[in-house]
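Structural overview for review
Residue-level listing of the chains:
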Amino acid sequence: MRFLLRCFLGLLLLAALTGGGPALAQIETQRIAFPADKGDLILQGHLRGREIRVFQVPATPGRKLAVGLETSNPANHFNIAAPEGEGAVFIGSAEGNYAEVLLDKAGDYEITLYLMRAAARRDEIADFRLSLSLLPAGDFAEGLSGGPDYWLVSGVSSRLRLRAGPSGQHRTQAVGR
C-alpha cells in the first residue's frame, strides 16, 4: 500500500514539475492611441494557441468605433466590451468579423482578440489584420433622425452596387442599372 502511495505522489510531483496541468492563457494588453490627424489605425500580428490580445480604446462618447478583422484562421474572432466591466457589446463568434459600436460611455472599451477553444487547444496559429476607425455618430439616413433619407448618385458609367456595410467585405444587397 505504501508503495502505491509513493508511486502516486511521485507521479503527482512529476506532473506538477513538468507542467502537466492545463496551459494558462497568455494575455497581452495594449492601449491604443489613434494618430492625431486621423481616426484610423491598422494592427497586424499573429496569435498562437491560447494567446489573447486585449486592445484598450479610449472612448469619446457620441462617436462610433468600427472594427474589422481579416484573419488566416476562421476560428479567430474578437469581442468588444464596454467600460467598467459592463459586459460585451459585440461578440464576434456570433456576429461576424465587422462591428460598429456606438460609444455611449466614457472610459476604455476593450477589444479582445482570441482563438476559439478547440483551435487554441490544437495550438493553431492565426495571422490577423485588425482595422480600427473612430467615426462620427452624427447624420445617418434613418427616418426622422436627421440626415438624408436618400442618396442621389449621378455620373456613374458602370453598375452601382449597394452593399450591406461600408466596405467591399460586405455582401451585395442590390445592383443598379
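This text gives an overview of the structure that appears in the document. Since the model is a prediction, treat every value here as computed from it, not as a measurement.

1. Considerations on unusual backbone geometry
Unlike most non-glycine residues, Asp 123 shows phi in positive territory, near 60 degrees. Here Asp 123 lies in the loop between α3 (117-121) and β9 (125-136). Judged by its relative accessible area of 38%, Asp 123 falls in the partly exposed class.

2. Quick word on the pattern of salt bridges
It is possible for side chains of opposite charge to pair when their charged atoms get near one another. On inspection of all chains with the given rule, the structure shows six salt bridges. Glu 28 is the partner of Arg 53 in a salt bridge, and the nearest nitrogen-oxygen pair spans 3.5 Å. One end of the pair, Arg 53, is in strand β3 (residues 51-59); the other, Glu 28, is in strand β1 (residues 26-31), and 25 residues separate them in sequence. Since its relative accessible area comes to 16%, Arg 53 is described here as buried. The salt bridge partner of Glu 70 is Arg 129, with a shortest N-O separation of 3.3 Å. Here the residue Glu 70 occupies a position in strand β4 (residues 63-71), and Arg 129 occupies one in strand β9, the gap between them amounting to 59 residues.

3. Side note on the sheet that holds β3
Spatially, five strands are ordered β1-β3-β8-β5-β6 in an open sheet, and the strand pairing comes out mixed. The open sheet has two edge strands, β1 and β6 (88-91), and neither has a second partner. Neighbouring strand axes in the sheet, compared pairwise and without regard to direction, differ in orientation by 20 degrees on average. Alignment of β3 against strand β8 (residues 107-115), held across seven bridges, turns out to be antiparallel. In the strand pairing of β8, Val 54 is matched with Thr 112.

4. Some details on the sheet that holds strand β7 (residues 98-103)
The sheet built from four strands is open, its strands ordered β2-β9-β4-β7 with antiparallel pairing. On the outer flanks of this sheet lie β2 (40-48) and β7, each paired with one strand and no other. Between one strand and the next, the sheet's axes are offset by a mean angle of 20 degrees, whatever the strand orientation. By the bridge criterion, nine bridges tie β4 to β9 in an arrangement that is antiparallel. Across the sheet, Ala 66 pairs through a bridge with Ser 133, a residue of β9.

Here is what the cut-offs are and how they apply
- Residues numbered from 1 in each chain as written.
- Predicted model: local features only at pLDDT ≥ 70, side-chain atom pairs only at ≥ 80, totals over all residues.
- Heavy atoms only, no water.
- Helix = DSSP H or I, 4+ residues; strand = E, 2+ residues; numbered from the N terminus.
- Buried < 20%, exposed > 50% of the residue type's maximum accessible area, 1.4 Å probe, protein only.
- Salt bridge = Lys/Arg side-chain N within 4 Å of Asp/Glu carboxyl O.
- Pairing = 2+ DSSP bridges.
- Axes fitted to C-alpha atoms, helices over the stretch in contact; angles between N-to-C directions.

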